[in-house]
Amino acid sequence: MTIQAGTTAPTPAPTPDSAHAHAHRPAPWVRTRLRANPLAALLMAALTFVTVFLATAFPRVTDRGADTALQEFVRQKGLHPTSLQTTSKTRDDDTAAALDRVQQQLVEQVGGQLTLAQRNQAYGARALSDHSMANPGYAHISDKEPYPALGLLYLHDLASRATLTEGTWPTPGTVGGPLPIVVSKQAAETIHIKLGDVIDNGAENSGAKRTTVVVGLYQVDDPQDPFWDELGCPARACLNTQADHEHWSTSGFVDGGSLPAMIRWGSNAENFWRLSVDPASLRTDRIADTRGVITSFLTGRDATALVDRTRRADLHTVSGLPEILTEADRRHRATLPLSAIGPAGVAGVATVVLFLAAALTTDRRAAEIRLLQARGGSRAGVLRRLLAEGAVTVLPAAVLGTALALVLLPTARWERAVLAALVATLVALLAFPVRAALLWSRRRPVGGRRRLVGELAVLAGTVAAVAEVRRRGVGHPGAGVDPLLVAAPLLLAVTGGLVLARIEPVAVGRLAALVGRGRGLIGFLGLARAARDGSGRRKPSVLPLLALLIAVTTTGFGATVLDTVDHVRTHAARIATGGDIAVSLPDYATLTGSFTEAAAALPGVRASTAVQIQPKVRIIDDDRSATEAYLVMVADPAAYAEIARTLGVDGFDAAKLAGTPGGRDTPVPALVSRDLAERLAAGPSQVRTPNGNDLRLGVAGIVAATPALPDPGKPFAVVSAGAAWERLPDARRPNQWFAVGDIDPEGVRTALRDNSGARPVGLAKLIADSATAVGKDTHGLPAGFTVHSSRETAAALGDDPLQHAAERLFWYAAAASAGYALLAVLLTLVRAAADRTALLARLRTMGLRPRQGLALIVTEALPRTLATAVGGGLVAAAAVALLGGAFDISTLVGVRVGEVVAPTLLPVLLPTAGLALLVGLGVLAEALVAGRRQIATELRAGEQP
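Fair warning: this is a prediction, and the values are worked out from it, not measured in the lab. (Residues numbered from 1 in each chain as written. Predicted model: local features only at pLDDT ≥ 70, side-chain atom pairs only at ≥ 80, totals over all residues. Heavy atoms only, no water.)

Caption draft 1: Seen up close, the overall build of the chain. Assigned secondary structure in the chain consists of 28 helices and 21 strands. Counting the 945 residues in the chain, one finds 49% classified as buried. Considering only residue pairs separated by 6 or more positions, the chain has 82% of its internal contacts joining residues 24 or more positions apart. With an accessible surface of roughly 44700 Å², the chain has 58% of that area assigned to carbon and sulfur atoms. (Helix = DSSP H or I, 4+ residues; strand = E, 2+ residues; numbered from the N terminus. Buried < 20%, exposed > 50% of the residue type's maximum accessible area, 1.4 Å probe, protein only. Contact = heavy atoms within 4.5 Å. Areas by Shrake-Rupley, 256 points an atom, 1.4 Å probe, with all protein chains shown as cover.)

Caption draft 2: Just the side chain of Thr-317, in detail. On the secondary structure map, Thr-317 appears in strand β12 (residues 316–318). With a relative accessible area of 7%, Thr-317 lands in the buried category. A polar atom in the side chain of Thr-317 sits 3.0 Å from the side chain of Thr-86. When residues no more than four places from it in sequence are discounted, the contact partners of Thr-317 are Leu-84, Gln-85, Thr-86, Phe-297 and Leu-298. (Polar contact = N/O pair within 3.5 Å; in protein donor to acceptor, adjacent residues only side chain to side chain.)

Caption draft 3: Quick peek at the packing of helix α7 (residues 287–299) against helix α9 (residues 321–374). Where α7 meets α9, the closest approach of the two axes is 9 Å, and the angle between their N-to-C directions is 165 degrees. As the angle between them shows, α7 and α9 are arranged roughly antiparallel. Of the two elements, α7 crosses α9, and the hand of that crossing is left-handed. Every residue of α9 that contacts α7 at Ile-287, Thr-290, Arg-291, Ile-294, Thr-295 and Leu-298 is listed here: Leu-321, Pro-322, Leu-325, Thr-326 and Asp-329. The class makeup of the residues in the contact of α7 with α9 is six nonpolar, three polar and two charged. (Axes fitted to C-alpha atoms, helices over the stretch in contact; angles between N-to-C directions. Parallel < 35°, antiparallel > 145°, perpendicular 65-115°, else oblique. Left-handed = near helix turned anticlockwise from the far one by under 90°. Nonpolar A, V, L, I, M, F, W, Y, C, P; charged D, E, K, R; others polar.)

Caption draft 4: Spatial organisation of the pattern of salt bridges. Under the definition given, this model contains 24 salt bridges. Between Asp-63 and Arg-416 there is a salt bridge, with its nearest N and O atoms 2.5 Å apart. On the criterion of sequence distance, the pair formed by Asp-63 in helix α3 (residues 38–76) and Arg-416 in helix α11 (residues 415–437) is long-range, its members being 353 residues apart. Notably, a salt bridge pairs Arg-606 with Glu-642, separated by 3.8 Å at the nearest N-O pair. Highlighted residues: Arg-606 in strand β14 (residues 605–620) and Glu-642 in helix α18 (residues 637–647), separated in sequence by 36 residues. Taking the relative accessible area as the measure of exposure, Glu-642 reaches 25% and is therefore partly exposed. Several salt bridges converge on common partners, so that one network encompasses Asp-63, Asp-67, Arg-283, Asp-285, Arg-413 and Arg-416. (Salt bridge = Lys/Arg side-chain N within 4 Å of Asp/Glu carboxyl O.)

Caption draft 5: Broad picture of empty space enclosed by the protein. Applying the stated criterion across every chain yields a total of five cavities of 30 Å³ or more. Volume-wise, the largest cavity comes out at about 100 Å³. Lining the largest cavity, in full, are Val-61, Thr-62, Gly-65, Ala-66, His-332, Thr-335, Leu-336, Ser-339, Leu-802, Ala-805, Ala-806 and Leu-809. Elements with a contribution of two residues or more to the lining of the largest cavity: α3, α9 and α24 (801–831). Of the residues that constitute the lining of the largest cavity, the class distribution is seven nonpolar, five polar and no charged. Taken as a whole, the second largest cavity holds about 70 Å³ of empty space. As for the second largest cavity, its lining consists of Ala-66, Ala-69, Leu-70, Phe-73, Thr-284, Ile-287, Ala-328, Arg-331, His-332 and Leu-802. (1 Å grid on protein atoms, 1.4 Å probe; cavity = no way out; pocket = protein on both sides within 12 Å on 5 of 7 lines; lining within 4 Å. Points joined across faces, edges and corners; volume = space filled by probe spheres on them.)

Caption draft 6: Representation of the state of the cysteines. In this structure the tally under the stated criterion is one disulfide. Here Cys-233 connects covalently by a disulfide to Cys-238, the sulfurs 1.8 Å from one another. Between Cys-233 and Cys-238, the S-S torsion sits near 90 degrees, and that sign places the bridge as right-handed. The exposure class assigned to Cys-238 is buried, which follows from its relative accessible area of 18%. (Disulfide = S-S within 2.5 Å.)

Caption draft 7: Inspection of a nonpolar patch on the surface at higher detail. A cluster of nonpolar residues, Leu-387, Leu-419, Leu-422, Val-423, Leu-426, Leu-430 and Val-434, forms a patch on the protein surface that exposes about 590 Å² of accessible area. In terms of residue count, α11 provides more of the nonpolar patch than any other element does, six residues in total. Here Leu-426 is to be found in helix α11. Overall, the relative accessible area of 41% leaves Leu-426 in the partly exposed class. (Patch = residues over 30% accessible without salt bridge, like charges linked within 9 Å, V, L, I, M, F, W, Y side chains within 5 Å.)

Caption draft 8: Structural view of the environment of Glu-597. Here Glu-597 is to be found in helix α17 (residues 593–600). The spacing of Glu-597 and Ala-751 is 154 residues in sequence and 9.5 Å in space, taken between C-alpha atoms.

Caption draft 9: Up close: the side chain of Arg-331. You can see Arg-331 is positioned in helix α9. Overall, the relative accessible area of 13% leaves Arg-331 in the buried class. If sequence neighbours within four positions are ignored, Arg-331 has contacts with Phe-73, Asp-800, Leu-802 and Thr-891.

Caption draft 10: Molecular detail of the environment of Arg-569. Tracing the sequence through the fold places Arg-569 in helix α16 (residues 543–577). In this structure Arg-569 comes out as buried when scored by relative accessible area, which is 8%. Residues Arg-569 and Ile-889 lie 320 residues apart in sequence; the distance between their C-alpha atoms is 9.9 Å. Beyond its immediate chain neighbours, meaning those up to four positions away, Arg-569 contacts Ala-794, Leu-797, Gly-798, Gln-803, Glu-807, Leu-892 and Val-893. At 2.8 Å, the side chain of Arg-569 and the side chain of Gln-803 are in polar contact.

Caption draft 11: Spatial organisation of the nonpolar core. Judged by nonpolar contacts, the single largest core of 54 residues is most densely connected at Leu-152, Ile-181, Met-262 and Leu-325. Those residues within four positions of Leu-325 in sequence are excluded, and the remaining contacts are Leu-70, Val-74, Leu-282, Ile-287, Thr-290, Arg-291 and Ile-294. Residues Val-394, Ala-551, Val-825 and Leu-915 belong to the second largest nonpolar core, which totals 37 residues. (Core = buried A, V, L, I, M, F, W, Y, C linked by side-chain atoms within 4.5 Å.)

Caption draft 12: Structural detail: the packing of aromatic side chains. Counted by the stated rule, this structure contains six aromatic pairs. Here the aromatic rings of Phe-227 and Trp-228 are separated by 5.1 Å at their centres, their planes lie at 85 degrees, and the arrangement is edge-to-face. Side by side, Phe-227 and Trp-228 carry an identical accessibility label, which is buried. (Phe/Tyr/Trp six-rings, centres within 6.5 Å; stacked < 30°, edge-to-face > 60°.)

Caption draft 13: Molecular detail of the environment of Ala-159. As for its placement among the helices and strands, Ala-159 is situated in the loop between β4 (149–155) and β5 (162–167). Put simply, Ala-159 and Val-220 are 61 residues apart on the chain and 9.4 Å apart in space, counted from C-alpha to C-alpha.

Caption draft 14: Quick look at unusual backbone geometry. Positive phi, normally seen in glycine, also occurs at His-192, with a value near 75 degrees. Tracing the sequence through the fold places His-192 in the loop between α5 (185–191) and β7 (198–203). The phi dihedral of Ser-267 is positive, around 70 degrees, even though this residue is not glycine.

Caption draft 15: Looking closely at helix α4 (residues 96–111). Compared with an ideal rise of 1.5 Å per residue, which puts 16 residues at 22 Å, α4 spans 21 Å between its outermost C-alpha atoms and is within 8% of the ideal. All of the buried residues in α4 are Ala-98, Leu-99, Val-102, Gln-103, Gln-105, Leu-106 and Val-110. Axial view of α4: buried residues confined to an arc of 165 degrees, hence all on one face. (Expected span 1.5 Å × (residues − 1). Arc of directions from axis to C-beta.)

Caption draft 16: Spotlight on the pairing of strand β21 (residues 786–789). Here β21 shows a buried face lined by Val-787 and Ser-789 and an unburied face lined by Thr-786 and His-788. The pairing of strand β13 (residues 581–584) with β21 spans four bridges and is antiparallel. Paired with Ser-584 across the bridge in β21 is Thr-786. (Pairing = 2+ DSSP bridges.)

Caption draft 17: Here's a closer look at the packing of α7 against helix α8 (residues 301–310). Where α7 meets α8, the axes come as close as 5 Å, and the angle between the chain directions of the two elements is 45 degrees. If you check the angle between α7 and α8, you find them oblique. For the pair α7 and α8, the crossing hand works out as right-handed. Counting all contacts with α7, which are made through Val-293, Ser-296, Phe-297, Leu-298 and Thr-299, the residues of α8 involved are Arg-301, Asp-302, Ala-303 and Leu-306. A per-class count over the contact of α7 with α8 returns five nonpolar, two polar and two charged.

Function-wise, these values are silent; they only describe arrangement.
Quick look at the structure:
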């Protein structure tokens, strides 16, 4: 067929079948459904994102807090206990190069399995014996030990940590000649060493003289650097205070080529290598593996490998790190139950909220799903479409939430976090299809025997969990987390919710009937609707109740535990201090009257007294047997009795200590410890002080403890200082002061500085100067003058990263639970919105004012909020009463305590009232924002064609 130019070829007309097929091609299901209600899809994606983010974040926060606490705990133990200390005997052929070679072998072998801190590594050799410096003119402390002592070391790369101030660095020494050394400039000034001195170090066994020559003076760059731990006394002259053997000592350093000469000088020498494990590399989940690796280097296969590689049969390694890691692991496991309670509560509330969202979606689309079934849709086909629809909404939000949590909270562990995210994603994805599948199931009565059996099963599980908690206990060091034990508060909340779900509709219905007898309509309608759910069923859904009750119970329980920890820590600090403030002085000093007057006049002092404690008196009973004990002489017995009552350590009547004037043979009334009372039961006894003075005591009362001796460890007697000093005039030397009240410790320190009395002299002054030299903070007070504050002690006990991590995680979980509980209430309101809006619209046409409509909405939501708040508070208090005695809070407190967690009002009331207020504000906001617009829309229905 030929077609002329300029003409168009005819197009075949479509057949009826092809036109029909094009016109009726079905639109994609997922796209159509998402376009039909984009807001619902967006809200579901947001809920999934938040839920999955939190599910991923909580394990990460837990791991980060645990790792930080472990690293800080190890770091606080110091460099020496947490390092691997390797030693071997120094050989005659050892040189600096030989030690370098062994160091490299050790680093390669140990560093292959442990991360080492390069800066803190040290190695060298040390002489095993110190020798005196007998040069005339050198400083000495006493005639019994006239000469200072010198120890010798070789330290690799000394010049990188010390600065030469005079002379030169040492050169290799020769056997038989003076050994060239360098000493610190500060030590030289203290001992009077001069550059170029040939130091007489005594004689060897052979009779040859042992000498060293000072060729240089240096200054340590940072004397407080832990690098110098266990390396002698390199920065200054140290004071040895052994009784009757006080002397100065310091360390000198030799060249690496002087090792053979140092062996002869020190009678022997040993090489040492210190390999410091980097605390930042430690992880809680690898404590057991790390401990096993270190143990292997100490006594296992790796120790043998080190010996073989270095060819030193006497190579030996020690470290305190395995014991430190064991203790850290025990502490971590003890805090796990409290750390898990909060996230467990969040998981429970979040699951309930996801189920509520699924129920809301199912109610909204029930007619659509039934229509699909009526038109021949198979159950599997419809569920596949619902799953596909949910996957498009849920999976991207879940992936984004997981990725964001992994990025924002970096840590080496990801398995638990990803697993928790996967579980949360599956719940969010399957909640709606599973709820929709129930529409196909044959309708059965909601109440009756099946519900009763299910509730009894929950009750039985709760009783079993509580009994197991009380039997085994929670929080003991090394115990770890038992899911059943952690779930006990959650099960109590679920049980309380089921009970409240049965009680609340009946109680609210009765209340509605009572209100209905009055003239007002709003209260009756609101209460009547509160007794039903949004669909008009007689019994409201139990899910909102469970969400609120789980949030209130877990938050109240955890808050009670933390509040108990704070109170117990404060009490333990006061007991350890002997009051709120305690002042102690060294033996050479005496509290002045001006200080006691100035301190007693400080703001906040409620009771105070000076005390003299003699720790080594001998109490001789009638059979002439002697018992060593403490003698506590109290200047103001009335104030001391008040301090004892405040601390709760066996309060007593101050009148019992009132003595009568008399001579030395007149007994002084005393409060004695129980073990001492048994010895003195026969009558008055004799007390002999260390000075040789005698005092007669009569038992006026028995006490188990006394504030001045929180943990005496041996018998004690408490007497009135006035009565005792009448008989022992030379004993009038109070050396301690105790007070209770809200007292500023800095004010006490200021008063002590201004009225400190005697200053140290002689050996006491040397000890004071030595304490200052090592950087001990004395707050401007003379050495030995100490002010103890219970406030500062409690702060020190609470300054533990492990405690902070557990508390921080709990409060994060409490905030998340409150948010989900509020969301559960709002979802419940949204679920009932259509029915409520229609009712309000009808009432508006009958003259209902907007303010009355708002009152109706609030009245409808108020009973459940109040019932849940009260019920949650009661369940939280019951959980504390049932489970509190099983919790060991010693690790959280910081010291070993015997107190148990007991119900208290404020920790339960505050979270309960706060959550109730938050829910109430949420209800009010929903009514103001959404209710008025929905009512207006309902009233305008039908205005447009």
